[in-house]
Amino acid sequence: MRQIAVLGATGSIGRSTLDVIARHPDRYQATVLAANRSVDDMEILCRQHMPPYAIMGQPDAAEALRERLSDTARITVLSGSEPLDDLVAAPAIHSVVAGIVGFAGLRSALSAARAGKHILLANKEALVSAGGLFMETVRSGGATLLPVDSEHNAMHQCLPIMNDGRPDMTHVEKIVLTASGGPFRGRSREALDAVTPEEACAHPNWSMGQKISVDSATLANKGLELAEACWLFDRYPDQIEIVVHPQSIVHSMIRYRDGSVLAQLGQPDMRTPIAYCLGWPERVDAGVAPLDIVATGKLEFEAPDLTAFPCLALAQWAITQPGGMCVFSAANEVAVAAFLAGDIRFTDIDRIIASVLHTVNLMEPDTLAAVQLLDANAREEAGKQILMMASPTSIF
Ligand code: NAD
Ligand code: MG
């Protein structure tokens, strides 16, 4: 029986993971459920899955959950980052699903890496902000890194895996990273000025959390995924080709030296990559309907539009700068939250990222403290930019 810690349990990735786990009560047990503040959702999940431990980011949320679950002595409710670090690193835990959204997911992912766990990595922001540190911790901790993100999961599936569990890149010419293009594909930049958070979150193919949905709409997500692929598969950015594929059926491809191109296909349902990682190296049922190739019809591919969606171009620049992607990701996180709150326009997101990238002192962060400082500087600068955009006269 593999004991699993599901971090970000109330989110889109967390729920898909719990759905797969529940299909295999003989193989997996959800031993730890972690979330931030959503007590109602967490109570329901706890009653369904009866994890020995539930942990909330916010102490008041933990208190409320403890009260709600007072009729059962079988679930211990905790709160805070240190107890989460300890739970993730506990000897009984086999796999950790890193499904917390944003930079907040870094600390627990590092704890899993240090403890040598199977890390089922959905949280890309942690890897993008602290790539060097994170990959080194995975190596020194003897952890196994399995990418949940559908594109990187597809790449993993199309690569031979060496005895030490790492992908073998020896004969690879290039990686082809696919993008759906998001809900605004084909629109001009001018037409994007007035789009609403609701429209931005309505992804044509995937059902996801709000932050990644907006990232998909701006193409910032593809910028984050470019950096993610570089770290996971030890590539330079120019060894990765980005192609828009609106149907989201081909999840990415590997070009080999002999001209062969291997692709992984599947329904746009995160339960497939999650099941691949949970079961790895075996395959387990994910509860996903079979892909009907004939009904799928045409598979199209086109180049990304960097003029309408400058976030991707900004990421392509930032990735060449020391600490650039840490700053990109932090500025993006703050800007997306402001857009979702109705404080800025959709097209302000890339303006804020560009301005923060040019203002913050860029440097390679090689310790956790340095990563946290660079992230905090970028957030502070992004906050200032948002204030100026929200009330342009306030600077005078
Ligand atoms: P979501 O918004 O649906 O869920 C986020 C989860 O994180 C929630 O459970 C929330 O409680 C938890 N959380 C947030 N801050 C926390 C904190 N400080 N402490 C503890 N828990 C905290 O997000 P999602 O769509 O599930 O995405 C999660 C991560 O997976 C993101 O990094 C995203 O980029 C990545 N990802 C998601 C998908 C997808 O299909 N949803 C696909 C690929 C990658
Ligand atoms: Mg993805």
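All figures in this text were calculated on a predicted structure; none of them were measured in a lab.

## Describing the overall build of the protein
Turning to step 1, where the next piece is worked out: Scanning the protein for helices and strands turns up 17 helices and eleven strands.
Turning to step 2, where the next piece is worked out: Taking the principal axes of the C-alpha coordinates as reference, the protein spans close to 60 × 55 × 40 Å.
Turning to step 3, where the next piece is worked out: Split into buried and exposed, the 396 residues of the protein put 53% on the buried side.
Turning to step 4, where the next piece is worked out: The long-range share in the protein, meaning contacts at least 24 apart out of those at least 6 apart in sequence, stands at 66%.

## A few points about the site of ligand 1
Turning to step 1, where the next piece is worked out: Around ligand 1 lies a shell of 22 residues, among which Thr10, Ser12, Ile13, Glu125 and Gly209 are the nearest.
Turning to step 2, where the next piece is worked out: One nitrogen or oxygen atom from the main chain of Ser12 is found 2.9 Å from an oxygen atom belonging to ligand 1.
Turning to step 3, where the next piece is worked out: Take Glu125: an N or O atom from its side chain is 2.7 Å from an oxygen atom of ligand 1.
Turning to step 4, where the next piece is worked out: Computed on the free molecule, ligand 1 has an accessible area of 830 Å², of which 86% lies beneath the protein chains in the complex.
Turning to step 5, where the next piece is worked out: Secondary structure elements with two or more residues in the shell around ligand 1: helix H1 (12-22) and helix H6 (124-129).

## Notes on the pattern of salt bridges
Turning to step 1, where the next piece is worked out: Using the criterion set out here, one finds 28 salt bridges in the structure.
Turning to step 2, where the next piece is worked out: Salt bridges sharing common partners tie together Asp40, Glu43, Arg47, Arg68 and Asp71.

## Remarks on the domain arrangement of the protein
Turning to step 1, where the next piece is worked out: Segmentation of the protein into domains returns domain 1 (2-148), domain 2 (150-307) and domain 3 (321-396).
Turning to step 2, where the next piece is worked out: Each side of the interface is counted separately: domain 2 has 19 residues, and domain 3 has 14 residues.
Turning to step 3, where the next piece is worked out: Here domain 2 and domain 3 share an interface that buries about 1400 Å² over both sides, 70% of which is from carbon and sulfur atoms.
Turning to step 4, where the next piece is worked out: Contact with domain 3 buries area across many residues of domain 2, yet Arg189, Asp193 and Lys211 alone supply 35% of it, more than any other trio.
Turning to step 5, where the next piece is worked out: Summed over the shared surface of domain 2 and domain 3, the result is two salt bridges.

## Brief notes about a nonpolar patch on the surface
Turning to step 1, where the next piece is worked out: A cluster of nonpolar side chains, contributed by Leu265, Ile293, Val294, Leu299 and Phe301, occupies part of the molecular surface with about 480 Å² of accessible area.
Turning to step 2, where the next piece is worked out: Residue position: Phe301 is located in the loop between helix H13 (293-296) and helix H14 (310-318).
Turning to step 3, where the next piece is worked out: Of the residues examined, Phe301 reaches a relative accessible area of 42% and is grouped as partly exposed.

## Description of the side chain of His251
Turning to step 1, where the next piece is worked out: In this fold, His251 is placed in strand S10 (residues 250-256).
Turning to step 2, where the next piece is worked out: At 2.8 Å, the side chain of His251 and the backbone oxygen of Gly266 are in polar contact.
Turning to step 3, where the next piece is worked out: Filtering out sequence-adjacent residues up to four positions away, His251 remains in contact with Ser150, Glu151, Ala154, Thr178, Trp206, Gln264, Leu265, Gly266, Gln267 and Pro268.

## Let's talk about the sheet that holds strand S4 (residues 76-79)
Turning to step 1, where the next piece is worked out: The seven strands lie next to each other as S4-S3-S2-S1-S5-S6-S7, forming an open sheet whose pairing is parallel. The open sheet terminates on both sides in strands that have one partner only, identified here as S4 and strand S7 (144-147). Neighbour-to-neighbour, the strand axes of this sheet turn through a mean angle of 20°, independent of strand direction.
Turning to step 2, where the next piece is worked out: Here four bridges tie strand S5 (residues 93-98) to strand S6 (residues 118-121), and the two strands are oriented parallel to one another. What sits directly across from Val97, in S6, is Leu120.
Turning to step 3, where the next piece is worked out: Strands strand S3 (53-56) and S4 of the sheet are contacted by helix H3 (residues 59-68), whose axis makes an angle of about 170° with S4.
Turning to step 4, where the next piece is worked out: Its contacts with the sheet put helix H4 (residues 81-89) on strand S1 (2-7), strand S2 (28-35), S3, S4 and S5, and the angle it makes with S3 is roughly 145°.

## A short note on the coordination of the magnesium ion (ligand 2)
Turning to step 1, where the next piece is worked out: Surrounding the magnesium ion (ligand 2) are the protein donor atoms Asp149 (OD), Glu151 (OE) and Glu225 (OE), which sit 2.1 to 2.2 Å from the metal.
Turning to step 2, where the next piece is worked out: Sequence positions of the donors to the magnesium ion (ligand 2) reduce to the motif D-x1-E-x73-E. Of this pair, Glu151 sits in helix H8 (residues 150-157) while Glu225 sits in helix H11 (residues 220-233); the two residues are 74 residues apart in sequence, bridging distant segments of the chain. Note on accessibility: Glu151 and Glu225 belong to one class, buried.

## Overview of the sheet that holds S10
Turning to step 1, where the next piece is worked out: The four strands lie next to each other as S9-S8-S10-S11, forming an open sheet whose pairing is mixed. Of all the strands in the sheet, just strand S9 (240-244) and strand S11 (261-265) have a single pairing partner and so form its edges. On average, each strand axis in the sheet is tilted by 20° relative to the strand beside it, whichever way the strands run.
Turning to step 2, where the next piece is worked out: Both strand S8 (residues 172-179) and S9 contribute to a ladder of five bridges, which runs parallel. In the sheet register, Leu177 faces S9, and the bridge partner there is Ile242.
Turning to step 3, where the next piece is worked out: Helix-sheet contacts for H8 involve S8, S10 and S11, and the interaxial angle to S10 is about 40°.
Turning to step 4, where the next piece is worked out: Of the strands in this sheet, S8 and S9 are in contact with H11, which crosses S8 at around 150°.

Conventions adopted
Residues numbered from 1 in each chain as written. Chains lettered and ligands numbered in written order. Predicted model: local features only at pLDDT ≥ 70, side-chain atom pairs only at ≥ 80, totals over all residues. Heavy atoms only, no water. Helix = DSSP H or I, 4+ residues; strand = E, 2+ residues; numbered from the N terminus. Buried < 20%, exposed > 50% of the residue type's maximum accessible area, 1.4 Å probe, protein only. Contact = heavy atoms within 4.5 Å. Near = heavy atom within 4 Å. Polar contact = N/O pair within 3.5 Å; in protein donor to acceptor, adjacent residues only side chain to side chain. Areas by Shrake-Rupley, 256 points an atom, 1.4 Å probe, with all protein chains shown as cover. Salt bridge = Lys/Arg side-chain N within 4 Å of Asp/Glu carboxyl O. Domains from an automatic or database assignment. Buried area = accessible area lost by both parts, 1.4 Å probe. Patch = residues over 30% accessible without salt bridge, like charges linked within 9 Å, V, L, I, M, F, W, Y side chains within 5 Å. Pairing = 2+ DSSP bridges. Axes fitted to C-alpha atoms, helices over the stretch in contact; angles between N-to-C directions. Donors = N, O, S within 2.8 Å, 3.2 Å for Na, K, Ca; no water.

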